[in-house]
Amino acid sequence: MARTGLLAIAAFASMAIAAVNPQLRAVHTIYILPMAGGMDQFLASRLTARGVVQVVADPKLADAVLTDHIGETFETRMNDLYAPPTDKSKDTATQAGFTAPPPPIGTFGRGRGSFFLVDRKTRSVVWSVYERPHGSRPDDMNHTATKIAGDLADDLVKAGKPKK
């Protein structure tokens, strides 16, 4: 009886590890935000070379955004790229002619190895991976980008999206 229970737990654990967000299936085009060390350029190259997804230069054409950070500065950047509808009649600061400056969007605190694919419309993280570069040399960055592109390709297949 104990052996059966262990086998059931092992089977459940392996399914949980292999589970992929089904929302990933809807991602066909990606806009990549600037990243520390130029990682965005390496990722664009590797994702394009693999045919994993189409990388677009116009954020309006993207299904999702790839970033190396999330939080307040990311939300501000998303609002800049994809302005949410606002009700100007309730915005007294705008009516008075006052607009606060946006927080700075810098690279401080980025590049720690986490990468997030965020749905453009829902702003939910549909995929993420941790893959810290072993160094800042181009070969190190390219190796990391290759690994990330491979992980994304594998997860797209698991989500049910056919390989190109």
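Residues numbered from 1 in each chain as written. Predicted model: local features only at pLDDT ≥ 70, side-chain atom pairs only at ≥ 80, totals over all residues. Heavy atoms only, no water.

Details of the pattern of salt bridges
- Tallied over the entire structure, the rule returns four salt bridges.
- For aspartate 140, the salt bridge identified is with arginine 137, shortest N-O distance 3.3 Å.
- The class for aspartate 140 is buried, based on a relative accessible area of 17%.
- A salt bridge links aspartate 151 to lysine 147; its shortest N-O distance comes to 3.0 Å. Taken together, the residues span about one helical turn, with aspartate 151 and lysine 147 both in helix 5 (residues 138-158) at a distance of four residues.
- For aspartate 151, a relative accessible area of 18% gives the class buried. (Salt bridge = Lys/Arg side-chain N within 4 Å of Asp/Glu carboxyl O. Buried < 20%, exposed > 50% of the residue type's maximum accessible area, 1.4 Å probe, protein only. Helix = DSSP H or I, 4+ residues; strand = E, 2+ residues; numbered from the N terminus.)

Comments concerning the nonpolar core
- Grouped together as the largest cluster of nonpolar side chains are 25 residues, with contacts concentrated most on Leu24, Ile30, Leu43, Leu66, Leu117, Trp127 and Leu152.
- Broken down by secondary-structure element, the contributors of at least two residues to this core are strand 1 (29-32), helix 2 (39-50), strand 3 (64-67), strand 4 (114-119), strand 5 (125-130) and helix 5.
- No other element matches helix 5, which puts seven residues into this core.
- Excluding residues within four positions of it along the chain, leucine 24 makes contact with Leu117, Val126, Trp127, Leu152, Asp155, Leu156 and Ala159.
- Formed by 11 residues, the second largest nonpolar core is a distinct cluster that contains Tyr31, Leu33, Phe74 and Leu81. (Core = buried A, V, L, I, M, F, W, Y, C linked by side-chain atoms within 4.5 Å. Contact = heavy atoms within 4.5 Å.)

Focus on the confidence of the model for the chain
- Scored by pLDDT, the chain has a mean of 80; 70% of the residues are at 70 or more.
- Low pLDDT, under 50, characterises residues 10-17; the stretch is placed with zero contacts to residues that sit more than four places away or in other chains.
- Here residues 92-110 scores under 50 on pLDDT; set against residues more than four positions off or in separate chains, the count is 17 contacts. (pLDDT = per-residue confidence, 0-100.)

Things to note about the packing of helix 2 against helix 5
- Where helix 2 contacts helix 5, the axes come no closer than 8 Å and their chain directions differ by 50°. What the angle tells us is that helix 2 and helix 5 run oblique. Every pair of crossing elements has a handedness; the one defined by helix 2 and helix 5 is right-handed. Between helix 2 and helix 5, the contacting residues are Met39, Phe42, Leu43, Arg46, Leu47 and Arg50 on the first element and Pro138, Met141, Asn142, Thr144, Ala145, Thr146, Ile148, Ala149, Gly150, Leu152 and Ala153 on the second.
- Looking at the contact of helix 2 with helix 5 residue by residue, the classes come out as 11 nonpolar, four polar and two charged. (Axes fitted to C-alpha atoms, helices over the stretch in contact; angles between N-to-C directions. Parallel < 35°, antiparallel > 145°, perpendicular 65-115°, else oblique. Left-handed = near helix turned anticlockwise from the far one by under 90°. Nonpolar A, V, L, I, M, F, W, Y, C, P; charged D, E, K, R; others polar.)

Side note on the pairing of strand 3
- Burial of the side chains of strand 3 extends over both faces: Ala64 and Leu66 are buried on one face and Val65 and Thr67 on the other.
- Of the pairings in the sheet, the one linking strand 1 to strand 3 comprises three bridges and is parallel in character. Note on strand 3: the bridge partner recorded for isoleucine 30 is alanine 64.
- As defined by bridge partners, strand 3 adjoins strand 4 across four bridges and the pair is classed as antiparallel. Bridging from a neighbouring strand, valine 65 pairs with valine 118 of strand 4. (Pairing = 2+ DSSP bridges.)

Quick look at the side chain of aspartate 40
- Inspection of the secondary structure assignment puts aspartate 40 in helix 2.
- Side-chain polar atoms of aspartate 40 contact the backbone nitrogen of methionine 35, separated by 3.3 Å.
- The contact partners of aspartate 40, leaving out residues within four places of it in the chain, are Ile32, Leu33, Pro34 and Met35. (Polar contact = N/O pair within 3.5 Å; in protein donor to acceptor, adjacent residues only side chain to side chain.)

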